[in-house]
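Structural features, examined
Chain by chain, the residues:
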Amino acid sequence: MDTTARLTQSPDAAAARRPAPPAPPEPSGAVSRALPALVAMMLTSFLLVTAEFVPNGMLTEMAAGLGVTPGQAGQTVTATALVGLLVAPTVGMLFPRLDRRTLFVGVALAAGLSNLLVALAPNLWLVLLARVLLGASISAFWAMSITVAARIAGPERLGRSVMFTTAGLSLATVAGVPLGVLLSEALDWRATFVVVGVASLLLAVPLRLFLPTVPAAPTSGLGLLAETLRRPGVALAMTGHVLVVLGHFAAYTYVRLALERVPGADAETVVLLLALFGVGGLVGNVVIGMVIDRAFGAVSVAVPLAVAASVTTVIAVPGSLVAVGTAVTVWGFAFASWLIVVNAWIGRRTPDRLEAGGSLIVVGFQLAIVLAAGLGGLLVDQVGVVADYAIALALLLVGTVLFGLSNRTPASSASAR
């Protein structure tokens, strides 16, 4: 990765170090103009998340086609997360002057190319190389999505704008990945990647037509991220963010093991319960997205607490299918709303550092996924799924407390400007 360039010692150097306030939203505030842009953002997140996780549903077919084991084929998902962890904090450095609308068009094109390369790749190594490109695209999108959302609808409606991008994520979980699996069974796993790839390429057109211009924020790379973390409450909030996401994934990665403890739960029952999780996520996106800008304080604590309560119910009351089904639905409702909550926090506390804040959110999210894979697997193998869920609950509660405390930390004068 490129290192941060030194600023020359000119009279303008000090000014160059100071981040400029975010560009004001375009005077279009009309819903007729904002809605197509937000829908284009939603479709982008839908296709990116579908492409990221669709291998999970067809590992057997991919493994057979590539001549590898299903475990090796599963590394196609791991590769995207690891690359995303590296790209999220550096995307601002890599493209310091590129208009963010142009960057999003590039994200769609790169994701489309990645999927087409996977469809054509003759072996696993070329598949992994193609997935590196997808991982970079995903992190670039999520790191910059908060900046673009604020430009589209204005900072005062940031929560509602973010609702559209996170709705794409939930929709991919509910419909995108299952549709990809159905397509692979009807045709071929390579055909699935071709369809997703072509759709991603075509999406570049509405992104170019409907998104407003979004000038890049002044950045000094990793130094700016570190400086942003030093602002009052930011490190506390980001630590809480990592712990909440870590607690969720430590439990959700092994949710099938937990659901199989329900008496009489067969494969169809588990699928139904997971579908309830996705439906809850879609509803949560809409509900929380509509109220977050008006009731942030209460919602920001209630959401992770609801995840913690759901995790507790799933593991503590396995004898009641109704209780478990309700808990799974609430779990999906709450966790799908978490990205709205944490993005709204960044928008409120660091309005002059939206790109840096967005990068920190993505880094925390990807770090939590990587840690959860190792921690959860170790706990499940060594002491069982109940202990894994107990640790996940503890992480969720500590994360909730830390994030709640960050709301009480006075904002710095720099972020208030």
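Located above this text is the structure these notes cover.
Starting from 1, residues in each chain are numbered consecutively following that chain's sequence as written. Since the coordinates come from a predicted model, pLDDT governs what is reported: local features require at least 70, and pairs of side-chain atoms require 80 or more to be given and counted, while whole-chain, interface and lining totals use all residues. By convention in this description, side-chain values take in all heavy atoms of the structure and omit both hydrogens and water.

Two aromatic rings, drawn from Phe, Tyr or Trp (for Trp, its six-membered ring), form a pair once their centres lie within 6.5 Å of each other, and the interplanar angle then sorts them: stacked below 30 degrees, edge-to-face above 60, tilted otherwise. Scanning all chains against the criterion turns up twelve aromatic pairs. Ring centres 6.3 Å apart and planes at 35° place the aromatic pair Phe335 and Phe365 in the tilted group. Here Phe335, found in helix H16 (residues 321-335), pairs with Phe365, found in helix H18 (residues 354-383); they are 30 residues apart in sequence, far enough to count as distant. By relative accessible area, which is 11% here, Phe335 ends up buried. Members of the aromatic cluster, connected to one another through ring pairs, are Tyr252, Phe277, Trp331 and Tyr389. Helical segments are the DSSP runs of H or I of at least four residues, strand segments are the runs of E of at least two, and each set is numbered from the N terminus. Burial classes: relative accessible area under 20% of the type maximum marks a residue as buried, over 50% as exposed, and values in between as partly exposed (1.4 Å probe, protein chains only).

A word on the pattern of salt bridges. Salt bridges are identified by distance alone: a Lys or Arg side-chain nitrogen within 4 Å of an Asp or Glu carboxyl oxygen. Within the structure shown, the criterion is met by three salt bridges. A salt bridge links Asp352 to Arg231; the shortest N-O distance between them is 2.7 Å. Of the two residues, Asp352 sits in the loop between helix H17 (338-349) and H18 while Arg231 sits in the loop between helix H11 (222-229) and helix H12 (234-252), which places them 121 residues apart along the sequence. The same class applies to Asp352 and to Arg231, which are both buried.

Further remarks concern H12. A helix is expected to reach a length of 1.5 Å times the quantity of its residues less one. Relative to the 27 Å expected for 19 residues at 1.5 Å per residue, H12 spans 27 Å between its end C-alpha atoms, a close match to the ideal helical length. Burial runs high along H12: 15 of the 19 residues are buried.

This next bit is on the packing of H17 against helix H19 (residues 385-408). The axes are straight lines fitted to the C-alpha atoms, using for helices just the contacting stretch, and the angles between their N-to-C directions are given from 0 to 180°. Closest axis-to-axis distance for the H17/H19 pair is 12 Å, and the angle between their directions is 25°. Taken together, the axes of H17 and H19 lie roughly parallel to each other. Seen along the crossing, H17 lies across H19 with a hand that is left-handed. Each of Trp338, Val341, Val342, Trp345 and Arg349 in H17 lies in contact with H19, whose residues at this interface are Phe403, Ser406 and Asn407. Under the scheme applied here, ten amino acids are nonpolar (Ala, Val, Leu, Ile, Met, Phe, Trp, Tyr, Cys and Pro), four are charged (Asp, Glu, Lys and Arg), and all others, including Gly, are polar. By residue class, the composition of the contact of H17 with H19 is five nonpolar, two polar and one charged. Orientation labels follow simple angle bins: below 35 degrees gives roughly parallel, above 145 gives roughly antiparallel, 65 to 115 gives roughly perpendicular, and whatever is left gives oblique. Note on convention: near helix rotated counterclockwise from far helix by under a right angle means a left-handed crossing. Clockwise means right-handed. Two residues form a contact once any of their heavy atoms are found within 4.5 Å.

Let us now look at the environment of Asp99. Mapped onto the elements of the fold, Asp99 is located in the loop between helix H6 (91-94) and helix H7 (100-120). Taking the C-alpha atoms as reference points, Asp99 and Val214, 115 residues apart in sequence, are found 5.5 Å from one another. Other than its neighbours up to four places away in sequence, Asp99 contacts Thr213, Val214 and Pro215. Pairs of N or O atoms within 3.5 Å make up the polar contacts considered here, provided that, within protein, one atom can donate a hydrogen while the other can accept it, and that residues adjacent in sequence are counted only when both atoms are side-chain atoms. A polar side-chain atom of Asp99 sits 2.8 Å from the main-chain amide nitrogen of Arg101.

Moving on, we come to the nonpolar core. Counting 103 residues, the largest nonpolar core has Trp331, Trp338 and Tyr389 as the members making the most contacts within it. Leave out the neighbours within four places in its chain, and Trp331 touches His248, Ala251, Tyr252, Val255, Phe277, Val307, Ser310, Val311, Val314 and Tyr389. If you look at the next biggest cluster of nonpolar residues, it comprises 14 residues, including Met58, Met62, Leu66 and Ala79. Throughout, nonpolar core names a set of buried Ala, Val, Leu, Ile, Met, Phe, Trp, Tyr and Cys residues whose side chains join them through atoms within 4.5 Å.

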